[in-house]
Amino acid sequence: MTHPSTTAAPKTVLVTGASSGIGEATARRLAAAGHHVVLGARRVERLTVLAKEIEGGGGSALPYPLDVTDPLSMRSFVQAALDRYGRIDVLVNNAGVMPLSRLDALRTDEWDRMIDVNLRGVLHGIAAVLPVMTAQGAGHIVNIASVSGLRVDPTAAVYSATKHAVRALSEGLRQESRHLRVTVISPGLTRSELVDTIADQDTKEAVTGQMALAIPAAAIGEAIHYAITQPADVDVNELVIRPTAQG
Ligand code: NDP
């Protein structure tokens, strides 16, 4: 039986990292369900193409340049959404990078980049929408972690650290709030451009081999759609979505 307060009213959903992979698939899924999607990423030309496709199919989309490592850029992304749609129902903190390597390779610039995008970027997103959602008395923050937030593997120490941190701060946010919904989505191997962010050649080859098992990014978009369309008093806190064949 459907929960009595289930509603199909359109929501305004901000998606960071909407220019490829999971963010793009999520934007397509949510727009197809009638939600307004605000698309953020650095490759704005891709966002423009995606927004045109969505609008051509009768949906509603706003492309906007975003660098999640810059708090001012994040604030301007959120303001653009407010100017266009008047409220913010959901923020999907999805942007991420995964330049994996062993710690003793000392690729310290890549460690910093993972912390800046995967962790600080999520914090910048939370900081930008929290006052808006508090004023609205409602809102939903969806943070994309990873199965690397649940386990640690060689070459993934720093990446795993950022994803463990995303799970920790999501739980803290959930506990502190009685009006916000907080969801952590932890994907396993998923087809996207993420492997392209690996510069260490041995690691890249190993991960490319594992990606043979990967599931489509649309599978993660479907999980996000499920989480955000539950009734307001139902908070889906965590979903783990892996390929059936992943160990
Ligand atoms: P993609 O590489 O396809 O997408 C990553 C997105 O992040 C791109 O849209 C990219 O856009 C954006 N991005 C990167 N840096 C920035 C930045 N500084 N500012 C704004 N946007 C940025 O990979 P996925 O779709 O796989 O990754 C999405 C999320 O899913 C990540 O958080 C990743 O860690 C997580 N994940 C992925 C898994 C997988 O197997 N694919 C498994 C588990 C988790 P642009 O370059 O245009 O800025």
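Bear in mind that the values here come from a model prediction, so they are computed numbers and not experimental data.

## Observations regarding the nonpolar core
L14, V78 and I88 are the most contacted members of the largest nonpolar core, which totals 44 residues. Counting only elements with at least two residues in this core, the list comes to α3 (71-85), α4 (108-136), α5 (157-176) and β6 (180-187). When sequence neighbours within four positions are dropped, the list of residues in contact with L14 reads V38, F77, V78, A81, I88, V90, L91 and V92.

## Thoughts on the site of the ligand
Taken together, 30 residues lie around the ligand, and I22, R42, R43, Y159 and S192 are the ones closest in. One of the side-chain nitrogen or oxygen atoms of S19 is found 2.8 Å away from an oxygen atom of the ligand. Within the backbone of V68, an N or O atom sits 2.9 Å from a nitrogen atom of the ligand. A class-by-class count of the residues in the shell around the ligand yields 14 nonpolar, 11 polar and five charged.

## Observations regarding the side chain of T12
Locating T12 in the fold gives a position in strand β1 (residues 12-16). Contacts of T12, omitting those with residues within four sequence positions, involve H36, V38, Y85, R87, I88, D89 and V90.

## Describing the pairing of β6
When you tally the buried positions in β6, you get eight out of eight residues, the bulk of the element. The two faces of β6 match: L180, V182, V184 and S186 on one face and R181, T183, I185 and P187 on the other face are all buried. Of the pairings in the sheet, the one linking strand β5 (residues 139-144) to β6 comprises six bridges and is parallel in character. Pairing of I141 across the sheet is with V182, part of β6. Taking the sense of rotation as the criterion, the β-α-β connection linking β5, α5 and β6 turns out right-handed.

## Things to note about the confidence of the model for the protein
Residues at a pLDDT of 70 or more form 97% of the protein, whose mean pLDDT is 96. Below a pLDDT of 50 lies the segment residues 1-7, which in the model reaches seven contacts outside its immediate sequence neighbourhood of four places, other chains included.

## Quick notes on the environment of V129
Mapped onto the elements of the fold, V129 is located in helix α4. Along the backbone, V129 and H140 are 11 residues apart, and their C-alpha atoms lie at a distance of 9.6 Å. Discounting chain neighbours no more than four positions away, the residues touching V129 are V78, I88, L91 and I141.

## Side note on the packing of aromatic side chains
Tallying each qualifying case throughout the model produces one aromatic pair. Both rings, one in Y64 and one in F77, keep their centres 6.4 Å apart while their planes meet at 40 degrees; by these two values the pair is tilted. Taken together, the residues span a long stretch of sequence, with Y64 in strand β3 (residues 60-65) and F77 in helix α3 at a distance of 13 residues. F77 sits in the buried class, given a relative accessible area of 0%.

Calculation criteria
- Residues numbered from 1 in each chain as written.
- Predicted model: local features only at pLDDT ≥ 70, side-chain atom pairs only at ≥ 80, totals over all residues.
- Heavy atoms only, no water.
- Core = buried A, V, L, I, M, F, W, Y, C linked by side-chain atoms within 4.5 Å.
- Buried < 20%, exposed > 50% of the residue type's maximum accessible area, 1.4 Å probe, protein only.
- Helix = DSSP H or I, 4+ residues; strand = E, 2+ residues; numbered from the N terminus.
- Contact = heavy atoms within 4.5 Å.
- Near = heavy atom within 4 Å.
- Polar contact = N/O pair within 3.5 Å; in protein donor to acceptor, adjacent residues only side chain to side chain.
- Nonpolar A, V, L, I, M, F, W, Y, C, P; charged D, E, K, R; others polar.
- Pairing = 2+ DSSP bridges.
- Right-handed = clockwise from strand over helix to strand, strands pointing away.
- pLDDT = per-residue confidence, 0-100.
- Phe/Tyr/Trp six-rings, centres within 6.5 Å; stacked < 30°, edge-to-face > 60°.

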